[in-house]
Structure formats: C-alpha cells, structure tokens
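# Observations on the three-dimensional arrangement
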Amino acid sequence: MKFRPFNQTVNILAFKKGKDIFAATYAWFTQAGEEEIIGILGEQSVTTHNIQVGDFCGISVCSKEQKEIARYIGDTHSNEVDKLLGLPYFVDATGAITLKGSRMTMIVEIVDIIHLKGIEADSLVYFKVHEYHENEKLTHLLTDDFK
C-alpha cells in the first residue's frame, strides 16, 4: 500500500561504529520537542539493527539536490556496499556522520528504542539533538519529490 497522507522531509541517518559505516534513508522523522526527534526505522534496515541506546548518529535532512543520493542510500544495504563512497560527508568525534549539502544536519544521541504494538518489528527511536546546522539557502527534499 502506498498510503502517504503527509509530505515529509527525506532524511539520512548515518554513523560509524568501529570500522563500519552505516547509513539509511528515512522519511518518518519528526521533531517532538525543542531538542527531541522521533523516527520510525524499518526492520529491513541493516542500520536499524546496529543502533543502541547511547549511540550518537548524524541526521542529515536532505536538500532537493540530494535526491539521487537519498535514493541510492535507501535502495542499498550497509553490509553490502559503502553507501557514502565518493560523497562529501563529515564524521565527528562520536562517530556521527552528516552529509555536506544537506538542508540541515544534526548530531543526535539515541535516548530510547521502542517497539509499538502492531509494528513491533520496526523501531520507534527517540533522539536528543546535541547540535545542528541549517542551510536556509537550500530547499527540503520531500517525499512528494519521489512521485
């Protein structure tokens, strides 16, 4: 079913854990407070299976110019390819990865991972924003841009 009542931003969650880099494209993220973000991470994602409470991640809110990057990252698996190979990105001291050219980038910490009744396989992740940078000159990439 392609039920999509909301036109949401397209986001890339990325982080480095040991020598491994994980990245995934997600649309179901929203701000839940001044410094809080929540998002649904799908069960099929290798990235989802490698996060833990206390981990730091980067969330890059994509710009329209990043449409093909978001598509590629969303269509591949982190255990099969280096999703960020050749892309301009930044890794901070915590291992959080953000993509250059994004509308907004955030360094976030995973506060909780919840499994909701009816969608237990997926993860509702609660993030605390530690820092962010915004480029107001860029336009948000939205889910409707993929129709």
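Our structure is the block above this text.
Residues numbered from 1 in each chain as written. Predicted model: local features only at pLDDT ≥ 70, side-chain atom pairs only at ≥ 80, totals over all residues. Heavy atoms only, no water.

### Some points on a nonpolar patch on the surface
Together, Ile114, Leu116 and Ile119 give the surface a local cluster of nonpolar side chains, amounting to about 200 Å² of exposed area. Mapped onto the elements of the fold, isoleucine 114 is located in strand E8 (residues 104–114). A residue is classified by how much of its surface remains accessible, and isoleucine 114, at 33% relative accessible area, is partly exposed. (Patch = residues over 30% accessible without salt bridge, like charges linked within 9 Å, V, L, I, M, F, W, Y side chains within 5 Å. Areas by Shrake-Rupley, 256 points an atom, 1.4 Å probe, with all protein chains shown as cover. Salt bridge = Lys/Arg side-chain N within 4 Å of Asp/Glu carboxyl O. Helix = DSSP H or I, 4+ residues; strand = E, 2+ residues; numbered from the N terminus. Buried < 20%, exposed > 50% of the residue type's maximum accessible area, 1.4 Å probe, protein only.)

### Overview of the packing of aromatic side chains
Applying the stated rule across the entire model yields three aromatic pairs. Between the aromatic rings of phenylalanine 29 and phenylalanine 127, the centroid separation amounts to 5.8 Å while the plane-to-plane angle is 35 degrees, which identifies the pairing as tilted. Separated by 98 residues along the polypeptide, phenylalanine 29 in strand E3 (residues 29–31) and phenylalanine 127 in strand E9 (residues 123–134) bring together distant segments of the chain. Phenylalanine 127 matches phenylalanine 29 in its accessibility class, with the two residues each being buried. (Phe/Tyr/Trp six-rings, centres within 6.5 Å; stacked < 30°, edge-to-face > 60°.)

### Re the environment of glycine 33
Take glycine 33: it is sitting in the loop between E3 and strand E4 (36–41). Overall, glycine 33 belongs to the partly exposed group, its relative accessible area being 22%. Spatially, the C-alpha atom of glycine 33 lies 9.3 Å from that of lysine 128, the residues being 95 residues apart in sequence.

### Concerning the sheet that holds E8
Read from one edge to the other, the open sheet built from seven strands follows the order E2-E1-E5-E8-E9-E4-E3, with strand pairing classed as antiparallel. Of all strands in the sheet, those bounded by a partner on one side alone are strand E2 (20–26) and E3. Going from strand to strand, the sheet's axes swing by 30 degrees on average, the running direction of each strand aside. Relative to E4, E3 runs antiparallel, the two sharing three bridges. Note on E4: the bridge partner recorded for glutamine 31 is isoleucine 37. Together, strand E1 (11–17) and E2 form the strand contacts of helix H1 (residues 67–75), whose direction differs from that of E2 by roughly 115 degrees. (Pairing = 2+ DSSP bridges. Axes fitted to C-alpha atoms, helices over the stretch in contact; angles between N-to-C directions. Contact = heavy atoms within 4.5 Å.)

### Structural notes on the pattern of salt bridges
With the rule as written, the count across this model stands at six salt bridges. Between glutamate 35 and lysine 128 there is a salt bridge whose closest N-O contact spans 2.6 Å. You can see glutamate 35 sitting in the loop between E3 and E4 and its partner lysine 128 sitting in strand E9, a full 93 residues away along the chain. Overall, lysine 128 belongs to the partly exposed group, its relative accessible area being 29%. Between glutamate 134 and arginine 103 there is a salt bridge whose closest N-O contact spans 2.8 Å. With glutamate 134 in strand E9 and arginine 103 in the loop between strand E7 (97–99) and E8, this residue pair connects regions lying 31 residues apart in the sequence.

### A few points about the nonpolar core
Judged by nonpolar contacts, the single largest core of 20 residues is most densely connected at Leu41, Ile59, Met106 and Phe127. Elements that contribute at least two residues to this core include exactly E1, E2, E4, strand E5 (56–61), E8 and E9. When residues of this core are assigned to their parent elements, the largest contribution, four residues, is made by E8. Filtering out sequence-adjacent residues up to four positions away, isoleucine 59 remains in contact with Asn11, Ile12, Leu13, Phe29, Ile37, Thr98, Met104, Thr105, Met106, Val108 and Phe127. Counting 11 residues, the second largest nonpolar core, distinct from the first, contains Ile12, Ala70, Leu84 and Leu141. (Core = buried A, V, L, I, M, F, W, Y, C linked by side-chain atoms within 4.5 Å.)

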